[in-house]
Amino acid sequence: MRILNADQMREADRRTIQEIGLASLVLMENAGRQVVAAVESFYPDLADRRVAIVCGKGNNGGDGFVVARTLQQRGVDVSVFVIGKVNEVKGDARINLEILGRIGQTVVEVADETAWELHGAEIIAHDLIIDAMFGTGLSTPLTGFYETVVADLNEGGVPIVSIDMPSGMSADSCDLIGDAIDATVTVTLGAPKLPLVLPPAEAKSGEVVIADIGIPADVFDQLEGPHLELLTREQMRSLIPARAADAHKGDFGRVVVVAGSVGKAGAAVLCARGAMRSGAGLVTVASPRSCQPTIAAHGVEYMTEGLDETPDGTIHFAAVSTVLGIDADVIVAGPGLGRGEGVTTFVRELLDKYDGPLVLDADALNAFADEPSLLVGREGRDVIITPHPGEMARLIGCSVEDLQADRIGMASDFAKRHQVYVVLKGHRTLVVTPNEKVFVNPTGCAGMATGGTGDVLAGMLAAWLAQLLDAEAACRLAVYLHGSAGELADADHGEVSMTAGDLVDHIGDAVLELTARRRVATKATE
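These lines cover the structure that appears in this document, whether it is placed above or below. Here the structure is a predicted model, which is why all the values come from computation and not from measurement. Residue numbers run consecutively from 1 along every chain, following the written order of its sequence. At least 70 in pLDDT is required for a residue's local features to be given in this predicted model, at least 80 for side-chain atom pairs to be given and counted, and no such filter applies to totals for whole chains, interfaces and linings, which use all residues. Hydrogens are left out, water is left out, and the side-chain values use all remaining heavy atoms of the structure.

1. Description of the overall build of the protein
Argument step 1. Numbering of helices and strands runs from the N terminus; a helix is a DSSP stretch of H or I covering at least four residues, while a strand is a stretch of E covering at least two. Scanning the protein for helices and strands turns up 21 helices and 18 strands.
Argument step 2. Atoms counted for the radius of gyration: C-alpha only. Globule rule: 2.2 Å times the number of residues to the power 0.38. In terms of overall size, the protein behaves like a compact globule, its C-alpha atoms giving a radius of gyration of 26 Å where 526 residues would be expected to give roughly 24 Å.
Argument step 3. Summarising its shape, the C-alpha atoms of the protein cover approximately 85 × 50 × 45 Å along the three principal directions.
Argument step 4. By the convention used here, residues are in contact when the closest approach between their heavy atoms is within 4.5 Å. Considering only contacts in the protein between residues 6 or more positions apart, those separated by 24 or more positions represent 70%.
Argument step 5. Values of accessible area rely on a 1.4 Å probe in the Shrake-Rupley scheme; residue burial ignores everything except the protein chains shown. When the accessible surface of the protein is totalled, it reaches about 21,000 Å², and 49% of it is carbon and sulfur.
Argument step 6. Note on charges: Lys and Arg go in the positive column, Asp and Glu in the negative column, and His and the chain ends are not counted at all. Charge coordinates come from a single atom per side chain, which is NZ of Lys, CZ of Arg, CG of Asp or CD of Glu. In the protein, 42 positive and 73 negative side-chain charges are present, and the distance between their average locations comes to 4 Å.

Dropping the structure here:
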């Protein structure tokens with residue numbers, strides 16, 4: 001599902017109205033009714049609540065007027081306030097404002113600070129507030145009277161449902177341009193907007209509902225400009241192929257995991273388990289020989305291969321020939337490999353000599369930190385890299401703070417210049433393709449901030465790449481299921497206590513839940 005900026009949303013509206021012929025009044029009516037449906041789902045006791053609807057002078061206010069009419073007709077106690085001068089309400093919003101008057105709904109004008117001092121406390125005394133002041137067109141911070149309104153509503157402690165975006169946000173930035181409404185729920189219209197899905201602004205959005213107001217999907221697909229997409233359950237479900245009754249292990253890919261070193265054998269185990277739980281037909285873990293017994297003892301389903309090692313227990317660069325001799329459809333390298341000249345030489349040789357798809361994680365990425373120009377894909381061979389912010393910053397040569405301030409821009413530039421797929425981990429993990437598509441993953445939780453979860457993801461990526469033979473699809477599905485498994489593990493163990501191993505144990509549940517087959521009972525529901 002496309003994530004839009006302000007210009008793209010305006011263009012989608014224009015095409016729907018002018019080229020398809022769906023009247024703007026119909027879109028506004030659809031928007032208002034979808035907001036009401038969302039409010040009713042979140043607040044089933046709506047009939048017992050007093051609802052204040054604070055409306056601006058533009059189309060966002062017009063949506064609010066439709067909400068007011070619809071709620072009033074359903075017997076809800078509604079109060080309507082225009083934040084600004086009523087005589088400045090124009091166009092479709094004016095039509096819906098006048099309809100309110102004709103059905104006997106009082107509308108209170110709150111045009112300035114003096115009026116706000118009179119009516120502000122009255123608004124905050126309601127049980128629910130609908131924020132319909134500003135939509136996607138805001139580009140500068142709110143000041144003066146409007147800033148006061150937002151600040152007072154936030155301090156009031158009343159649940160707020162924002163229409164399209166919390167008032168005070170800009171649709172063109174995931175940064176907060178100034179103070180904005182702290183929404184409990186945001187019902188965004190047609191498509192998600194950038195600040196609703198990416199930090200830091202998304203923290204003010206609350207629960208986000210994407211409302212279908214009648215704009216055809218083709219209109220969104222054909223929009224020019226930045227191509228950002230939000231991963232959705234429906235899209236991810238369609239990526240999981242059905243398995244034939246006569247299928248065998250060779251049909252689902254052979255994954256080789258090159259991982260581990262003395263003291264870090266667990267990273268190899270977690271990566272291999274992530275691959276196995278994600279459906280890989282055969283998994284082989286290639287690790288320094290001194291680690292092989294430990295790794296073999298932690299998993300009976302995967303095979304192991306001992307590799308030449310250095311005196312300090314890391315992989316020897318001469319082991320490349322052994323790894324290349326193992327039958328593989330995908331190689332994932334990096335978890336727990338450690339650092340050193342031998343590891344660096346090994347990883348660079350592997351990238352140069354292996355012709356199949358590669359997933360490079362953790363220490364395999366650190367092998368290119370001083371010469372990132374060597375980390376490049378080539379025609380016919382997909383390379384997926386899975387950096388956390390620190391690793392990405394080292395590859396780019398910037399600070400973590402600078403990277404986090406422009407995650408999309410920097411990851412997109414790196415993916416394009418190096419012709420690799422970038423899975424930039426963290427809250428709202430990004431999948432960035434060499435042709436500048438960006439996908440935002442909505443799944444995951446704070447409990448995943450624990451050692452080893454990235455190792456699991458690397459194995460999951462390799463497994464889905466071996467099955468789907470499509471790097472973009474594999475990245476999208478793996479990160480979505482990784483986050484979903486984390487959420488399910490959190491539900492069982494809590495965000496403080498969950499471990500990477502718990503996440504592995506819930507990968508199967510995440511797949512079953514996504515495919516809507518069944519859900520294995522968790523401790524939280526037993």
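2. Comments concerning the sheet that holds strand E6 (residues 160-163)
Argument step 1. With parallel pairing, the seven strands of this open sheet are ordered in space as E4-E3-E2-E5-E6-E7-E8. Pairing within the sheet leaves two strands with one partner each, and these edge strands are strand E4 (107-110) and strand E8 (207-211). On average, adjacent strands in this sheet sit at an angle of 20 degrees to one another, irrespective of strand direction.
Argument step 2. Two strands pair under a simple rule: DSSP has to find at least two bridges between them. Sheet analysis places strand E2 (residues 50-55) next to strand E5 (residues 128-132), joined by five bridges and oriented parallel. Note on E5: the bridge partner recorded for Cys55 is Ala132.
Argument step 3. Its contacts with the sheet place helix H3 (residues 59-73) against E2, strand E3 (77-83), E5, E6 and strand E7 (185-189), and it is angled at close to 155 degrees to E2.
Argument step 4. Only the stretch in contact is used when fitting a helix axis, every axis being a line fitted to C-alpha atoms; angles between N-to-C directions are given from 0 to 180 degrees. On the sheet, helix H5 (residues 113-124) packs against E2, E3, E4 and E5 and is oriented at approximately 130 degrees with respect to E4.

3. Concerning the sheet that holds strand E13 (residues 330-333)
Argument step 1. Pairing within the open sheet is mixed, and its 11 strands lie in the order E1-E9-E18-E17-E16-E15-E14-E13-E10-E11-E12. Looking at which strands have only one partner, the edges of the open sheet turn out to be strand E1 (2-3) and strand E12 (303-307).
Argument step 2. Relative to strand E17 (residues 430-432), strand E16 (residues 421-424) runs antiparallel, the two sharing three bridges. Its bridge partner lying in E17, Val422 is registered against Val432.
Argument step 3. Sitting on the sheet, helix H19 (residues 471-493) touches strand E15 (383-385), E16, E17 and strand E18 (438-440), and the angle it makes with E16 is about 10 degrees.

4. Things to note about the packing of helix H2 (residues 24-42) against helix H4 (residues 91-102)
Argument step 1. In the contact formed by H2 and H4, the axes pass within 10 Å of each other and the chain directions differ by 60 degrees. Relative to H4, the element H2 is oriented oblique. The interaxial crossing formed by H2 with H4 has right-handed handedness. Contacts between H2 and H4 pair Ser24, Leu25, Met28 and Glu29 from the former with Asp92, Ala93, Ile95 and Asn96 from the latter.
Argument step 2. Residues are sorted three ways: Asp, Glu, Lys and Arg are charged, Ala, Val, Leu, Ile, Met, Phe, Trp, Tyr, Cys and Pro are nonpolar, and all the rest, Gly among them, are polar. Looking at the contact of H2 with H4 residue by residue, the class counts come to four nonpolar, two polar and two charged. When describing relative orientation, an angle under 35 degrees is termed roughly parallel and one over 145 degrees roughly antiparallel, while 65 to 115 degrees is termed roughly perpendicular and anything else oblique. Definitions for this section: a left-handed crossing has its near helix turned counterclockwise from the far helix by less than a right angle. A right-handed crossing has that turn clockwise.

5. Focus on a nonpolar patch on the surface
Argument step 1. Judged by side-chain polarity, Met1, Val208 and Ile210 come together as a nonpolar surface patch covering roughly 190 Å² of accessible area.
Argument step 2. Position of Val208 among the secondary structure elements: in strand E8. What makes a patch is a set of residues exposed beyond 30% relative accessible area and free of salt bridges, joined within 9 Å when like-charged and within 5 Å when nonpolar (Val, Leu, Ile, Met, Phe, Trp, Tyr). Here a salt bridge means any side-chain nitrogen of Lys or Arg lying within 4 Å of a carboxyl oxygen belonging to Asp or Glu.

6. Examining the environment of Gly281
Argument step 1. Position of Gly281 among the secondary structure elements: in the loop between helix H10 (265-277) and strand E11 (282-288).
Argument step 2. Spatially, the C-alpha atoms of Gly281 and His248 are 7.8 Å apart, while their sequence positions differ by 33 residues.
Argument step 3. With sequence-adjacent residues up to four places away left out, Gly281 is seen in contact with Lys249, Phe252 and Gly253.

7. Structural notes on the pattern of salt bridges
Argument step 1. This model, assessed by the stated rule, comprises 29 salt bridges.
Argument step 2. Salt-bridge contacts for Asp45 lead to Arg49; the nearest nitrogen and oxygen are separated by 2.9 Å.
Argument step 3. To sort residues, take the accessible area from a 1.4 Å probe on protein chains only and compare it with the maximum for the residue type: under 20% means buried, over 50% means exposed, and anything in between is partly exposed. The exposure class assigned to Asp45 is partly exposed, which follows from its relative accessible area of 33%.
Argument step 4. Assessed through its relative accessible area of 17%, Arg49 is described here as buried.
Argument step 5. Bridged by salt links that share partners, the residues Glu11, Arg14, Arg15 and Glu19 form one connected network.

8. A closer look at a negative patch on the surface
Argument step 1. Taken together, the side chains of Glu109, Asp112, Glu113 and Glu117 make up a negatively charged region of the molecular surface.
Argument step 2. Its location among the elements puts Glu109 in strand E4.
Argument step 3. Since its relative accessible area comes to 40%, Glu109 is described here as partly exposed.

9. Here we look at the side chain of Thr186
Argument step 1. Relative to the helices and strands, Thr186 resides in strand E7.
Argument step 2. Polar contact is the term for a pair of N or O atoms within 3.5 Å; when the atoms are in protein, one must be able to donate a hydrogen and the other to accept it, and sequence-neighboring residues count only if both atoms are side-chain atoms. A polar contact of 2.8 Å, which involves the side chain of Thr186, links it to the backbone oxygen of Ser205.

10. So, the packing of aromatic side chains
The description of an aromatic ring pair rests on the distance of the ring centres and on the angle between the ring planes.
Argument step 1. Between rings of Phe, Tyr and Trp, where Trp is taken as its six-membered ring, a pair exists when centres lie within 6.5 Å; planes separated by under 30 degrees are stacked, by over 60 edge-to-face, and by other angles tilted. Per the counting criterion, the structure on display carries two aromatic pairs.
Argument step 2. Seen from their ring centres, Phe134 and Tyr146 are 5.4 Å apart, and the 80 degrees between their planes marks the pair as edge-to-face. One end of the pair, Phe134, is in the loop between E5 and helix H6 (144-155); the other, Tyr146, is in helix H6, and 12 residues separate them in sequence.
Argument step 3. Accessibility expressed as a relative area gives 24% for Tyr146, which makes it partly exposed.
Argument step 4. Judged by centre distance (5.2 Å) and plane angle (40 degrees), the ring pair of Phe145 and Tyr146 falls under tilted.
Argument step 5. The class of Phe145 is buried, set by a relative accessible area of 12%.

11. Focus: H10
Argument step 1. How far a helix is expected to stretch is found by multiplying one less than its residue total by 1.5 Å. For H10, with 13 residues, the first-to-last C-alpha span of 19 Å sits near the 18 Å given by 1.5 Å per residue.
Argument step 2. What H10 keeps buried is the set Ala265, Ala267, Ala268, Val269, Leu270, Cys271, Ala272, Gly274 and Ala275.

12. Considering H2
Argument step 1. For H2, with 19 residues, the first-to-last C-alpha span of 27 Å sits near the 27 Å given by 1.5 Å per residue.
Argument step 2. Taken residue by residue, H2 has Leu27, Met28, Ala31, Gly32, Val35, Val36, Ala38 and Val39 as its buried positions.

13. Digging into the environment of Asp179
Argument step 1. In this structure, Asp179 sits in the loop between E6 and E7.
Argument step 2. Overall, Asp179 belongs to the partly exposed group, its relative accessible area being 30%.
Argument step 3. Separated by 90 residues in the primary sequence, Asp179 and Val269 place their C-alpha atoms 46 Å from one another.
Argument step 4. Not counting residues up to four positions away in its chain, the partners in contact with Asp179 are Leu142, Val150, Ala151, Asn154, Ser167, Gly168 and Lys204.

14. Here's the deal with the nonpolar core
Argument step 1. Nine residue types can take part in a nonpolar core, namely buried Ala, Val, Leu, Ile, Met, Phe, Trp, Tyr and Cys, and a core is a set of them joined through side-chain atoms within 4.5 Å. In this structure, Val255, Ile384 and Leu477 are the most contacted members of the largest nonpolar core, which totals 60 residues.
Argument step 2. For this core, the element with the most residues is H19, which contributes 12 residues.
Argument step 3. Beyond its immediate sequence surroundings of up to four residues, Ile384 is in contact with Leu358, Val359, Leu360, Tyr421, Val423, Leu461, Leu465, Ala471 and Cys475.
Argument step 4. Of all hydrophobic cores here, the second largest spans 56 residues; its members include Leu228, Val343, Leu360 and Val383.

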